[in-house]
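Architecture at a glance
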Amino acid sequence: MDMHITDIKNPEINHENDPENMSLHERPSISIRAKVAISFSLFFILSFTVTGWSYWILTKLETKIDFLEIADNYMAEIQQARRFEKNYLLYSTDLEEALEHLKTADAILKQKNEQIEKILEKEHFKTMVTYMSKYHNQLVLLRSAKNDKEKELIVPMLRQFGSQMVSFAGEFVEKEQISAKRMFLLAKRVPLYFMSVLFVLMSFVLMFLARQLLLTLNRFMEYTKRIGEGDFSPILPARKYKDEFTKLAEAFNHMIKELDHKHNVLLESHKLRAIGTLVAGVAHELNNPLNNTLLTASMLTEDFHTLSEEEKMEMVNDVINETERAQRVVKNLLDFAREGETAIAPLEIGKIVEDSTRLVVNQVKFAKVNLELNCETNLPRIHGDEQKLKQVFVNLILNAVDVLTPGGQIRIHVQKDQTPGYVLVTVKDNGPGIPEHIQGRIFDPFFTTKAQSKGTGLGLSVSQGIIKKLGGYIHLTSNPDKGTIFTVSLPTTESASEIMSK
Amino acid sequence: MSKQPLKIMLIDDENIVGKRLKPALEKTGDIVETFEEGEKALARFDETPFDIVVTDIRMENIDGIEILEQVLAKSGRTKVIIITGYATVEIAREALSKGAFDFIAKPFKPADLRGIIERASKELRSGFLHTT
């Protein structure tokens with residue numbers, strides 16, 4: 001049970017150190033997580049700044065409004081004072097009221113002194129207070145004036161200080177009102193600005209991240225397609241840095257390696273199957289030279305004393321010839337069956353196809369079909385593995401033999417491809433053809449139209465794998481009335497190196 | 001009682017088989033004709049019937065089973081011996097069920113075939129009618 005838990009706890013799969021992943025690993029790391037984190041931090045900082053600023057401006061606005069309220073009261077009081085002053089001068093009413101209002105105004109200034117000072121700044125506040133006290137002094141003087149003459153001396157000063165006091169305060173209130181209005185407007189607009197900046201930023205980040213993710217996902221989709229088609233070369237770095245996708249690429253490379261290994265096992269098992277088929281034919285072909293040898297040798301012993309020298313010589317030569325014939329048969333099969341690593345070498349395609357037809361000659365004979373090989377001379381050499389290519393052609397011919405009834409025709413043509421740098425092998429039969437609806441699946445592994453015991457469904461899939469690895473292609477054209485043509489195109493030695501390096 | 005020589009037809013597309021078996025089978029005093037193609041052999045059979053036909057099973061155009069069927073259709077008393085390239089039970093069973101006298105698998109010694117032919121000739125001479 002404990003074992004089990006540790007197993008689950010450590011599902012860490014690490015393919016970093018696999019040789020095929022070295023190039024992937026040798027890059028600076030910028031993970032998707034980091035990118036997302038950076039984007040979110042940016043958003044947070046931006047939001048925080050804007051919120052803080054809004055708070056600050058609203059606080060400022062609040063003090064301004066407070067000040068305006070105080071200033072309003074103050075204005076009202078001093079204006080009232082001046083009104084009573086005028087009334088006193090015009091109608092000789094009581095001056096006490098004016099003084100009373102001035103006192104209230106003074107009280108307001110004293111009470112809210114800090115707040116006002118903050119907005120007005122010390123100097124202006126001082127001027128304001130000075131103007132008021134000067135006016136107050138004049139008022140006191142006016143009240144104590146005994147006669148009109150004395151009053152007339154005081155009045156100009158009083159008026160001057162009064163208007164100075166009121167206009168100074170008025171100017172300030174007006175200025176503050178404008179500034180408050182401006183602040184309001186700004187406070188109203190900032191969320192809109194913020195929204196638009198956020199929108200632009202959001203779409204940019206979204207597009208950037210999405211593009212990166214989608215592009216990489218698309219790349220991986222391409223990889224799966226490529227791998228599905230039998231290209232088992234490892235994934236190479238496509239960007240300058242690594243992230244979470246690198247781990248995926250590493251896992252992919254590991255899978256590709258495993259797949260390649262499995263594919264080779266499949267190739268080998270399919271070859272064994274083909275050998276099994278060929279052996280039945282080869283056994284028959286071996287029986288003939290063996291029988292000839294046995295009959296000749298038996299007769300030589302039986303009639304040794306009655307035979308002429310010439311006849312004996314002929315019989316011994318027959319024995320030698322038939323033994324060599326048997327040797328050739330065995331050698332041909334052994335060449336095909338020999339185990340070995342892929343050995344890419346320049347090859348004569350014509351010879352490969354001819355050897356392949358020789359391997360299947362008995363199957364062709366038993367099925368009573370005709371095989372015709374037509375090979376252009378002076379073809380350029382191709383790059384490939386002899387055994388594997390024979391496997392492909394043996395496979396194509398055996399497939400054709402399987403669908404043909406006695407009297408059927410197989411025509412093999414080896415020629416230059418119309419595409420320069422390629423040679424073309426076509427295997428054509430006049431069998432029943434392949435129905436269109438299964439043509440697309442014909443190269444799929446384990447797909448077979450043959451009976452369970454007869455086919456593995458691997459032949460064409462394996463053949464396609466072999467040809468693709470050599471940089472060629474294999475395709476079919478089939479018509480219900482005209483039979484099937486399999487076309488194999490292979491790069492010649494001159495063009496192979498270019499294709500392989502792609 | 002003097003033995004009437006038997007007429008034996010040998011069909012095999014391997015030239016050496018006929019070349020070696022003709023003298024081997026003629027030792028018993030029988031008459032042997034060899035053929036490499038089924039068509040020519042059947043045409044010859046139409047001219048004159050043979051007592052025993054030895055034929056290879058795998059040949060181009062006409063195979064041994066077809067020769068067996070045609071020969072028995074032409075002459076019911078003829079003994080047909082089949083040479084099989086690879087002795088598989090199915091082919092042997094098919095040949096026997098179609099009326100072959102016996103079969104022999106390649107590779108074989110001339111003496112082996114002579115043994116079978118001897119049994120066939122005994123049956124022919126005793127007048128025993130071989131039925132399937």
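A quick note: this is a predicted structure, and the numbers were derived from the prediction, not measured.

What counts and what doesn't
Residues numbered from 1 in each chain as written. Chains lettered and ligands numbered in written order. Predicted model: local features only at pLDDT ≥ 70, side-chain atom pairs only at ≥ 80, totals over all residues. Heavy atoms only, no water. Helix = DSSP H or I, 4+ residues; strand = E, 2+ residues; numbered from the N terminus. Rg over C-alpha atoms; globule rule 2.2 N^0.38 Å. Buried < 20%, exposed > 50% of the residue type's maximum accessible area, 1.4 Å probe, protein only. Contact = heavy atoms within 4.5 Å. Areas by Shrake-Rupley, 256 points an atom, 1.4 Å probe, with all protein chains shown as cover. Lys, Arg positive; Asp, Glu negative; His and termini not counted. Charge placed at Lys NZ, Arg CZ, Asp CG, Glu CD. Salt bridge = Lys/Arg side-chain N within 4 Å of Asp/Glu carboxyl O. Polar contact = N/O pair within 3.5 Å; in protein donor to acceptor, adjacent residues only side chain to side chain. Phe/Tyr/Trp six-rings, centres within 6.5 Å; stacked < 30°, edge-to-face > 60°. Lys NZ or Arg CZ within 6 Å of the ring centre and 35° of its normal. Domains from an automatic or database assignment. Buried area = accessible area lost by both parts, 1.4 Å probe. Pairing = 2+ DSSP bridges. Axes fitted to C-alpha atoms, helices over the stretch in contact; angles between N-to-C directions. Parallel < 35°, antiparallel > 145°, perpendicular 65-115°, else oblique. Left-handed = near helix turned anticlockwise from the far one by under 90°. Nonpolar A, V, L, I, M, F, W, Y, C, P; charged D, E, K, R; others polar. pLDDT = per-residue confidence, 0-100.

Considerations on the overall build of chain B
- A count of helices and strands for chain B gives five helices and five strands.
- When the elements of chain B are put in sequence order from the N terminus, they spell out β-α-β-α-β-α-β-α-β-α.
- For chain B, the C-alpha radius of gyration of 13 Å lies close to 14 Å, the compact-globule estimate for 132 residues.
- On the principal axes, the C-alpha backbone points of chain B span a range of 40 × 30 × 30 Å.
- Within chain B, the proportion of its 132 residues that are buried is 50%.
- Restricting to contacts in chain B with at least 6 residues of sequence separation, those with at least 24 account for 64%.
- A total of about 6,400 Å² of accessible surface is found on chain B, and carbon and sulfur atoms cover 51% of it.
- Computed over 20 positive and 23 negative side-chain charges, the separation of the two mean positions in chain B equals 7 Å.

Let's talk about the side chain of A:Glu77
Residue and element names in this part refer to chain A.
- Note that Glu77 resides in helix 3 (residues 32-91).
- Buried and unpaired, Glu77 has Arg83 as its nearest opposite-charge partner, separated by 9.6 Å.
- Engagement of the side chain of Glu77 in a polar contact is seen with the side chain of His101, the distance being 2.8 Å.
- When neighbours within four sequence positions are excluded, Glu77 is seen to be in contact with His101, Thr104, Ala105 and Ile108.

Re the packing of aromatic side chains
All names here are of chain A.
- Under the counting rule described, the total for this entry stands at seven aromatic pairs over all chains.
- Measuring from centroid to centroid gives 5.7 Å for Tyr131 and Phe168, while their planes differ by 65 degrees, and the two rings are edge-to-face. Highlighted residues: Tyr131 in helix 5 (residues 113-144) and Phe168 in helix 6 (residues 148-228), separated in sequence by 37 residues. For the pair formed by Tyr131 and Phe168, the shared burial category is buried.
- A connected cluster of aromatic rings, assembled from ring pairs, spans Phe220, Tyr223, Phe245 and Phe252.
- A cation sits over an aromatic face here: Lys312 above Phe304, 4.1 Å from the ring centre.

Structural notes on the domain arrangement of chain A
- Per the domain assignment, the segments of chain A are domain 1 (32-211) and domain 2 (347-502).
- Of note, the centres of domain 1 of chain A and domain 2 of chain A, computed from C-alpha atoms alone, are 97 Å apart.

Quick word on the interface of chain A and chain B
- If you look at the interface, chain A gives 22 residues, while chain B gives 20 residues.
- Carbon and sulfur atoms supply 55% of the area that chain A and chain B bury against each other, a total of about 2,000 Å² over both sides.
- Taken together, the links from chain A to chain B amount to nine salt bridges.
- Across the salt bridge formed by B:Lys19 and A:Asp318, the nearest N and O atoms sit 3.3 Å from each other.
- In this assembly, chain A and chain B are joined by 12 residue pairs in polar contact (both at pLDDT 80 or more).

Comments concerning unusual backbone geometry
- Residue B:Lys106 is joined to B:Pro107 through a cis peptide bond whose omega torsion reads -5 degrees.
- Residue placement: B:Pro107 occurs in the loop between strand 5 (102-105) and helix 5 (110-125).
- With a phi angle near 55 degrees, A:Lys368 is a residue other than glycine that sits in the positive phi range.
- One can find A:Lys368 in the loop between helix 10 (361-366) and strand 2 (370-375).
- The phi angle at A:Asn378 is positive, at roughly 55 degrees, despite the residue not being glycine.

Some remarks on the sheet that holds strand 2 (residues 31-35) of chain B
All names here are of chain B.
- Judged by pairing direction, the sheet is parallel, and its five strands sit side by side in the order 2-1-3-4-5 without closing on themselves. Pairing within the sheet leaves two strands with one partner each, and these edge strands are strand 2 and strand 5. On average, adjacent strands in this sheet sit at an angle of 20 degrees to one another, irrespective of strand direction.
- In this structure, strand 1 (residues 7-11) lies alongside strand 2, joined through five bridges in parallel fashion. Bridge pairing in strand 2 links Leu10 to Thr34.
- Against the sheet, helix 2 (residues 38-47) touches strand 1, strand 2 and strand 3 (52-56), its axis set at about 160 degrees to strand 1.

What to know about the packing of helix 4 (residues 96-111) of chain A against helix 5 of chain A
Residues and elements named next belong to chain A.
- Here helix 4 crosses helix 5 at 160 degrees, and the two axes come no closer than 10 Å. Taken together, the axes of helix 4 and helix 5 are roughly antiparallel relative to one another. Between helix 4 and helix 5 lies a crossing whose hand is left-handed. Where helix 4 approaches helix 5, its residues Glu96, Ala98, Leu99, Leu102, Ala105, Asp106, Ile108, Leu109, Lys110 and Gln111 are matched on the opposing element by Asn113, Ile116, Phe125, Met128, Val129, Met132, Tyr135, His136, Leu139, Val140 and Arg143.
- Split into classes, the residues belonging to the contact of helix 4 with helix 5 amount to 14 nonpolar, three polar and four charged.

Description of the confidence of the model for chain A
- Confidence along chain A averages 83 in pLDDT terms, with 93% of residues attaining 70 or more.
- The model gives residues 1-11 of chain A a pLDDT under 50, and that stretch makes zero contacts with residues more than four places away or in other chains.

Side note on the pattern of salt bridges
Residues and elements named next belong to chain A.
- Enumeration over the complete set of coordinates arrives at 35 salt bridges over all chains.
- Between Asp106 and Lys110 there is a salt bridge, with the nearest N and O atoms lying 2.7 Å from each other. Note that Asp106 and Lys110 are positioned in helix 4 at a spacing of four residues, about one turn of the helix.
- Owing to a relative accessible area of 60%, Lys110 belongs among the exposed residues under this scheme.
- Across the salt bridge formed by Arg358 and Asp355, the nearest N and O atoms sit 3.6 Å from each other. Here the residue Arg358 and the residue Asp355 both occupy positions in helix 9 (residues 349-359), the gap between them amounting to three residues, near one helical turn.
- Its relative accessible area of 9% is what places Asp355 among the buried residues.
- Beyond isolated ion pairs, a larger network of salt bridges with shared partners links Lys351, Glu354, Asp355, Arg358, Glu386 and Lys390.

As for the sheet that holds strand 4 (residues 409-416) of chain A
Residues and elements named next belong to chain A.
- Here five strands make up an open sheet; going across it, the order is 2-4-5-7-6 and the pairing mixed. This sheet does not close on itself; its edge strands, each paired only once, are strand 2 and strand 6 (473-479). Averaged over neighbouring strand pairs, the angle between their axes works out to 15 degrees when direction is ignored.
- Summarising the sheet, strand 2 and strand 4 pair through six bridges and their orientation is parallel.

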